Amino acid sequence: MIQIKLLASILSCNFLRLENEIKEIQDSGCDMLHLDIMDGHFVPNITIGPDIVKQIHSISNLALDVHLMVENPSFWIEKFANAGAYSISVHQEADIHLNRLINTIKEKKIRALVSINPATSPIVLDYILDYVDGVLVMSVNPGFGGQKFIENSLRKIEYLAKYKYTNNLDYVIQVDGGVNLNNIKNLIDAGANEIIVGSALFKNIHEFVRKFKELTRIVV
Ligand SMILES: O=C(CO)[C@@H](O)[C@H](O)COP(=O)(O)O
Ligand SMILES: [Fe+2]
């Protein structure tokens, strides 16, 4: 049976009570914390850096999935690896030497994922899929939480799932942006197995996770 994981994007949490929010996420049964790193250049927003990630790592039992939305991502790999990242995803659009960048992440013994923006075709990933531990499909334009899901992202997930089985590969497929209880089932049916949720989750963490487990038929 394929295990479907729920990743909590803390971008939508109340940062004034971050420690309590993280504890609630852990207690609710989420599988990982998803940390959105924005530099104000690759995306029009700024969030947190490696020092804050390190502090989150010191209080969290959950693995940290770091989503880098930055220019020059190669500069940041070592810093976020040392801060305690369990996985790092880098945008295909952010580095022309993607193969080298993915290898740099893997040398740190952490999961290496590649991410694509809504306007990027998954076909451009064909020659990197042999090397990655996962793909993150952005289903909104990166930079902000609370946006509307872009429907054609489903086709990309289907493409990546088909490519995986056809070529006998083993990578996770993440979906990130505009995910809610109404579209999760379709995303899983298309082949996504790591579901990243921000604003919909933080409306009521326990209630959301309970319904998510029902949908994915996993008893906590
Ligand atoms: O990477 C991003 C946004 O750039 C995401 O991780 C969002 O934070 C997800 O938030 P929702 O769309 O679920 O509110
Ligand atoms: Fe993200």
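Predicted, not measured: the structure shown is a model, and the values here were computed from it. The residue numbers shown here count from 1 along each chain, following its written sequence. For this description, chains carry letters from A and ligands carry numbers from 1, given in the order in which they are written. A pLDDT threshold of at least 70 governs which residues receive local features in this predicted model, and a stricter bar of 80 or more applies before side-chain atom pairs are shown or counted, although totals over entire chains, interfaces and linings include all residues.

1. Description of the UniProt feature "binding site: a divalent metal cation" (unreviewed entry) in the protein chain
UniProt positions are given in the numbering used here, feature names are shortened, and annotations may be inferred rather than shown by experiment. On the UniProt side, "binding site: a divalent metal cation" (unreviewed entry) is annotated at positions that read H34, D36, H67 and D176 here. Look at the named residues: they lie 143 residues apart in sequence, but the longest C-alpha span between them is just 10.5 Å, so in the fold they bunch up. Helix and strand labels come from DSSP, where a helix needs a run of H or I of at least four residues and a strand needs a run of E of at least two; each type is numbered from the N terminus. In this fold, H34 is placed in strand β2 (residues 32–38). What counts as a contact here is a pair of residues whose C-beta atoms, placed from the backbone, lie within 7 Å. If near-sequence neighbours (up to four positions away) are discounted, H34 is found in contact with L7, A8, S9, D65, H67 and I196. Buried means a residue has 20 or more other C-beta atoms within 10 Å of its own C-beta, exposed means 12 or fewer, and partly exposed covers the counts in between; C-beta atoms are placed from the backbone. Given 27 C-beta atoms within a 10 Å radius, H67 is considered buried.

2. Notes on the site of ligand 1
Not every one of the 23 residues close to ligand 1 is listed here, only the nearest: L11, P142, G145, G198 and S199. Listing elements by their share of the shell around ligand 1, those giving two or more residues are β2, β3 (63–69), β8 (194–197) and α7 (199–202). In terms of residue class, the shell around ligand 1 is made up of 9 nonpolar, 12 polar and 2 charged. Using a C-beta atom placed from the backbone for every residue, we mark a residue as near a molecule or strand if that atom lies within 6 Å of it. Basically, the charged four are Asp, Glu, Lys and Arg, the nonpolar ten are Ala, Val, Leu, Ile, Met, Phe, Trp, Tyr, Cys and Pro, and anything else, Gly included, counts as polar.

3. Side note on the UniProt feature "binding site: substrate" (unreviewed entry) in the protein chain
In the numbering used here, UniProt assigns the feature "binding site: substrate" (unreviewed entry) to S9, H67, G143, F144, G145, G146, D176, G177, G178, G198 and S199. Tracing the backbone through its elements, the reader meets S9 in strand β1 (residues 5–9). Of the residues examined, S9 has 23 C-beta atoms within 10 Å and is grouped as buried. Excluding residues that lie within four positions of it along the chain, S9 makes contacts with H34, D36, G145, I196, V197 and G198. Examined against the element boundaries, D176 turns out to sit in strand β7 (residues 172–176).

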